[in-house]
Amino acid sequence: MKQKNLFTAALSVAAAALIVLGVRVGTAGLAAKNAQAELDAAIAFVLPESKTFSPEPYDGTDEAIRAVYKGETGYVVETCTDGYAGEVVLLVGVDNDGTVTGLTVRQMEETWGLGARALTDADFLIQFLGTDGTAEVGGNVDAITGATVTSKAITRGVNAAVGFVTGADTSSSATTWGG
């Protein structure tokens, strides 16, 4: 009797695992499709004058640049810089003249209530629109209060994106803690 109950329990666990695996496999394509649609929408948002985008190979020296997408009016550059608590990933739209047309924070692990405010602080993010690769915290960019390291990480990402478009491509991924 005990053996029959054990067999029934093991069979139930195996059936549940099979169902979970089937659902995961069945929805994998949908998850990838949704992620691509979200990326496409974000790319179109930061470079609104372009309608089509194609991935561009990147073989430059800036370790902050992860991916580049070419549009008719410029480029969208995905950057990753070190913030206070982890990586800060941005999409930055830069027109062919080297001017920032838009940016969005895609991912960050910054402190809630401080650096994480960069996700939604429009007054902070709007400072980068129209810049030309010379953004500097304490100069023409006001840092988020209590989040100077995060502010500098975003600034480095924006400047790296502009540097790619203008040809001033240099390494900018290291966090400068003291200045």
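As a starting point, this report considers the structure included with it. Computed from a predicted structure; not experimentally measured.

## Thoughts on a nonpolar patch on the surface
Phase 1 of the analysis: Residues Leu18, Leu21 and Val25 make up a contiguous nonpolar surface patch of roughly 320 Å² in combined accessible area.
Phase 2 of the analysis: Relative to the helices and strands, valine 25 is located in helix 1 (residues 2–46).

## Regarding the side chain of serine 50
Phase 1 of the analysis: One can find serine 50 in the loop between helix 1 and strand 1 (54–56).
Phase 2 of the analysis: At 3.1 Å, the side chain of serine 50 forms a polar contact with the backbone nitrogen of glutamate 72.
Phase 3 of the analysis: Only 2.7 Å separates the side chain of serine 50 from the side chain of threonine 73, close enough to count as a polar contact.
Phase 4 of the analysis: The residues touching serine 50, leaving out its near neighbours within four places in the chain, are Gly71, Glu72, Thr73 and Gly74.

## Observations regarding the sheet that holds strand 2 (residues 65–70)
Phase 1 of the analysis: Pairing in this open sheet of five strands is antiparallel, and the strands run 1-2-3-4-5 from one edge to the other. At either end of the open sheet lies a strand with only one pairing partner, and these are strand 1 and strand 5 (100–108). Neighbouring strand axes in the sheet, compared pairwise and without regard to direction, differ in orientation by 25° on average.
Phase 2 of the analysis: Taken together, the seven bridges between strand 4 (residues 87–95) and strand 5 define a ladder with antiparallel strand orientation. If you follow valine 92 over to strand 5, its bridge partner there is leucine 103.
Phase 3 of the analysis: On top of the sheet, helix 3 (residues 148–166) reaches strand 2, strand 3 (74–82), strand 4 and strand 5; it is set at about 145° to strand 3, its chief contact.

## Let's talk about the layout of surface pockets
Space left empty within the atom packing is revealed by a probe, the size of a water molecule, rolled over the atoms.
Phase 1 of the analysis: Of the pockets and cavities examined, the largest pocket occupies roughly 170 Å³.
Phase 2 of the analysis: What lines the largest pocket is Phe45, Thr101, Gly102, Leu103, Thr104, Val105, Leu119, Ala122, Leu125, Ile126 and Leu129.
Phase 3 of the analysis: Looking at the lining of the largest pocket, the elements that each hand over two or more residues are strand 5 and helix 2 (122–125).
Phase 4 of the analysis: In terms of residue count, strand 5 provides more of the lining of the largest pocket than any other element does, five residues in total.
Phase 5 of the analysis: Considering only residue class, the lining of the largest pocket consists of eight nonpolar, three polar and no charged.

Calculation criteria
- Residues numbered from 1 in each chain as written.
- Predicted model: local features only at pLDDT ≥ 70, side-chain atom pairs only at ≥ 80, totals over all residues.
- Heavy atoms only, no water.
- Patch = residues over 30% accessible without salt bridge, like charges linked within 9 Å, V, L, I, M, F, W, Y side chains within 5 Å.
- Areas by Shrake-Rupley, 256 points an atom, 1.4 Å probe, with all protein chains shown as cover.
- Salt bridge = Lys/Arg side-chain N within 4 Å of Asp/Glu carboxyl O.
- Helix = DSSP H or I, 4+ residues; strand = E, 2+ residues; numbered from the N terminus.
- Polar contact = N/O pair within 3.5 Å; in protein donor to acceptor, adjacent residues only side chain to side chain.
- Contact = heavy atoms within 4.5 Å.
- Pairing = 2+ DSSP bridges.
- Axes fitted to C-alpha atoms, helices over the stretch in contact; angles between N-to-C directions.
- 1 Å grid on protein atoms, 1.4 Å probe; cavity = no way out; pocket = protein on both sides within 12 Å on 5 of 7 lines; lining within 4 Å.
- Points joined across faces, edges and corners; volume = space filled by probe spheres on them.
- Nonpolar A, V, L, I, M, F, W, Y, C, P; charged D, E, K, R; others polar.

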